[in-house]
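Chain residues, written in single-letter form:
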Amino acid sequence: MIGLISTTAAGTVARDRLAAAWPGRTRVYEGPVGEAVRSAFAECEQLVCFLATGAVVRLLAPLLGDKAADPGVVCVDEGGRFAVSLVGGHGGGANELARSVGDLLGAEPVVTTATDAVGLAGLDTLGLPYEGSVATVSRALLDGEPVALEAELAWPLPPLPVSPWGACTIRLTDRDVVPGEREVLLRPPSLVVGVGASKGAPVEEVLGLIEGALREAGLSPKSVAELATVDAKAKEPGLVAAAGRLGVPLVTYSAGELAAVEVPNPSEAPLAAVGTPSVAEAAALVRGGELLVPKAKSQGRPAMATCAVVRRPGRGRLAVVGLGPGARDLLTPRAAAELRRASVLVGLDQYVDQIRDLLRPGTRVLESGLGAEEERARTAVAQAREGHAVALIGSGDAGVYAMASPALAEASDDIDVVGVPGVTAALAAGAVLGAPLGHDHVSISLSDLHTPWEVIERRVRAAAEADIVVTFYNPRSRGRDWQLPKALAILAGHREPTTPVGVVRNASRPDESSRVTTLAELDPATVDMMTVVTVGNTATRIVAGRMVTPRGYRWQESAQERTQEGAQ
């Protein structure tokens, strides 16, 4: 919950805008400001105070305790110009809250946390449990000192400017070890504990078994991702309570799914009770991994619980990101976030240059030139399979004549894939031209490098006969100068010479140019590979110099009816 506190009329207006935009997430605190701040600090995870920072500092001072537990606090000034992350930038989420408040109110977020200021990923913001000297290691990263990364298992971490060696160390491990003096331990959620239990098994017995098994195996409880069991035990109180105390979900599988898993220690007892020869081992192994702790029984008399522990490998992450048509303000926030998250960026060299300034320190860039699309796709998938967080970039929308198709043809289900949509060239050009895509439309690439011309021609002819607006990608190059005239001739066989045609070059970029002409007057020699050509249908009109394709055709039918009536 986010507590909202204001004292002035202007502050109250801004406060109410937040409350209206975030219903269910916010609570307004009225009354004397000191009492309001104290109540909100005790009851909420975050606060937004529409007050001067000095006043908030004085009110908060006696309330501050542990930065890991204190709520994050953001201050917004009287003029609504700035959203200042004041307390709990990382631990309390105030830095992200300041950005969100700024986006909503049109205020500039002010974040002074050192790592955020220079674009470094904070070690305490990676979403992983951590231990050790965060301040010392972060300072070394900020000062450019060599910091070693010791990854004992592959995991898709964000970019970190690390070295093969260094006086400070970041260690990614699920082992139960103590951090050194200049070391940070990151705990990946790599361990799955399979559990079985008799009816009424006490939570203390279940927890004692799990904690003992982890301790004997030298594994950290902070790396436990989930408890897993059979569906029949989904509501067993001891298992539900154990998962709650460990702070992890209780995941269940059907008896049939578990029975299909090969295990080293099957038993007749669970087969008779729940329909599978193994619960603990099978539930831990059902999604793959390395069995670290075979089935163990609790110490009760009789034993009422069993457990097994599996280490699942980290799944690499591939984000296929559309950069839009070129203008920075048409790059979506989600795309920018994925670029900052990726530790490996793969892309065409000229596209990499467009967004290089958005990359965090430590991002490894693998760039190549035109014609290497399939190789880039293979490279991105291979990097993800090694456990990295990868961003594969393409212009426009990555799924439209771009990198998503070859990448997903290479990717199997051993990696996580995220698609990030982008503004396409057709949409950017359409916005420049007016509303040419107001009704059914199709995009066709005239490049016959990968598609036989016979197939392309058949598609153009189908669009012409169906009276669909057509946007041509890759219309003409130095080596391909006959395809566009041929395509236009096919359309001309079904549309009037006066059919509107829009031509946009470098849509959304500084050297953008556009014009609206007709099917008869378009000179193909004025078109190149940086151009998008949109040909209207029989309903498309030019209105005030803009192409407009109406959403419906009733007006056409009415006009035709009037013409017929006049002829009679």
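Please read these numbers as outputs of a predicted model, since none were measured by experiment. (Residues numbered from 1 in each chain as written. Predicted model: local features only at pLDDT ≥ 70, side-chain atom pairs only at ≥ 80, totals over all residues. Heavy atoms only, no water.)

## Details of the sheet that holds strand β19 (residues 389-394)
Keep this limit in mind: We call two strands paired when DSSP finds no fewer than two bridges between them. A run of H or I in DSSP becomes a helix once it reaches four residues, and a run of E becomes a strand once it reaches two; helices and strands are each numbered from the N terminus. Here, axes are lines fitted to C-alpha atoms. For helices the fit covers the stretch in contact, and angles between N-to-C directions go from 0 to 180 degrees. Here, residues are in contact when the closest pair of their heavy atoms is within 4.5 Å.
Taken together, five strands build an open sheet; the order of strands is β18-β17-β19-β16-β20 and the sheet is parallel. Either end of the sheet is taken by a strand with one partner, and the two such strands are β18 (364-368) and β20 (416-420). Ignoring which end each strand starts from, the neighbouring axes of this sheet average 15° apart. Here five bridges tie strand β16 (residues 317-322) to β20, and the two strands are oriented parallel to one another. Across the sheet, A319 pairs through a bridge with V418, a residue of β20. Strand contacts of helix α12 (residues 333-341): β16, β17 (344-348), β19 and β20, with the helix running at about 140° to β16, the strand carrying the most contacts.

## Describing the pattern of salt bridges
Formally: The term salt bridge refers to a side-chain nitrogen of Lys or Arg lying within 4 Å of a carboxyl oxygen of Asp or Glu. Each residue is placed in one exposure class: buried if its accessible area under a 1.4 Å probe, protein chains only, is under 20% of its type's maximum, exposed if it is over 50%, and partly exposed if it falls in between.
All told, the structure shown has 26 salt bridges when counted by the stated rule. Across the salt bridge formed by E373 and R376, the nearest N and O atoms sit 3.4 Å from each other. One end of the pair, E373, and the other, R376, are both in helix α14 (residues 373-385), three residues apart, so they sit about a helical turn from each other. Taking the relative accessible area as the measure of exposure, E373 reaches 28% and is therefore partly exposed. R385 is the partner of D414 in a salt bridge, and the nearest nitrogen-oxygen pair spans 3.1 Å. Of this pair, D414 sits in the loop between α15 (404-410) and β20 while R385 sits in helix α14, and the two are 29 residues apart along the sequence. Beyond isolated ion pairs, a larger network of salt bridges with shared partners links E152, R171, R175 and E183.

## Here we look at the side chain of T540
Formally: In protein, a polar contact means a hydrogen-donor-capable atom and an acceptor-capable atom, both N or O and within 3.5 Å, with residues adjacent in sequence counting only if both atoms are side-chain atoms; elsewhere, any N or O pair within 3.5 Å suffices.
With respect to the secondary-structure elements, T540 resides in the loop between β26 (531-535) and β27 (541-543). The class for T540 is buried, based on a relative accessible area of 2%. At 2.9 Å, the side chain of T540 and the backbone nitrogen of N537 are in polar contact. At a separation of 2.8 Å, a polar atom in the side chain of T540 contacts the side chain of T549.

## As for α12
Heads up, the condition is: In this context, the arc is that of the directions from the helix axis out to the C-beta atoms.
Every buried residue belonging to α12 is among A335, A336, E338 and L339, and all of these are buried. One side of α12 carries all its buried residues, which in axial view fall inside an arc of 160°. Turned more than 90 degrees from where α12 packs its buried face, P333 and R334 sit exposed. Buried residues in α12 make contact with β16, β17, α13 (349-355), β19 and β20.

## Things to note about the packing of helix α1 (residues 9-21) against helix α4 (residues 94-105)
Condition: Orientation labels follow simple angle bins: below 35 degrees gives roughly parallel, above 145 gives roughly antiparallel, 65 to 115 gives roughly perpendicular, and whatever is left gives oblique. Classification used: nonpolar for Ala, Val, Leu, Ile, Met, Phe, Trp, Tyr, Cys and Pro, charged for Asp, Glu, Lys and Arg, polar for all others including Gly.
In contact at an axis separation of 11 Å, α1 and α4 are set at 105° when each is read in the N-to-C sense. Considering their axes alone, α1 and α4 lie roughly perpendicular with respect to each other. The segment α1 lies against α4, with A14, R17, L18 and A21 engaging V101, L104 and L105. Residues that form the contact of α1 with α4 fall into these classes: six nonpolar, no polar and one charged.

## Brief notes about α1
The criterion, for reference: The span one expects for a helix is its residue count, reduced by one, times 1.5 Å.
Under the 1.5 Å per step criterion, the end-to-end length of α1 is 19 Å for 13 residues, consistent within 8% with the ideal 18 Å. Listed as buried for α1 are G11, A14, R15 and L18. Along the long axis of α1, the arc covered by the buried residues comes to 105°, so they all point the same way. Residues of α1 that are exposed and angled more than 90 degrees away from the buried face: A9, V13 and A20. On its buried side, α1 packs onto β1 (2-6), β2 (26-29), β3 (46-50) and α4.

## Remarks on the sheet that holds strand β22 (residues 441-445)
Two strands in a sheet stick together by hydrogen bonds in their backbones, pointing the same way (parallel) or opposite ways (antiparallel). Pairing in this open sheet of five strands is mixed, and the strands run β22-β23-β26-β24-β25 from one edge to the other. Strands with a single pairing partner mark the edges of an open sheet, and in this sheet they are β22 and β25 (513-518). Here the average twist between neighbouring strands, direction ignored, is 20°. On top of the sheet, helix α16 (residues 425-433) reaches β22, β23 (469-473), β24 (500-505), β25 and β26; it is set at about 115° to β24, its chief contact.

## Things to note about the packing of aromatic side chains
Each aromatic ring pair is described using two quantities: the centre-to-centre distance and the angle formed by the ring planes. Put simply, the rule reads: Classification of ring pairs uses Phe, Tyr and Trp, with its six-membered ring standing for Trp, and accepts pairs whose centres are within 6.5 Å; under 30 degrees between planes counts as stacked, over 60 as edge-to-face, and the remaining range as tilted. Ring-over charges, as used throughout, are those where CZ of Arg or NZ of Lys falls within 6 Å of the ring centre and within 35 degrees of the ring normal.
Here the structure, examined in full by the defined rule, presents two aromatic pairs. Ring geometry for Y401 against Y473: centres 4.7 Å apart, planes inclined by 50°, an arrangement best described as tilted. One end of the pair, Y401, is in the loop between β19 and α15; the other, Y473, is in strand β23, with 72 residues separating them in the sequence. Directly above the ring of W22 sits R25, whose terminal nitrogen or CZ lies 4.5 Å from the centroid.

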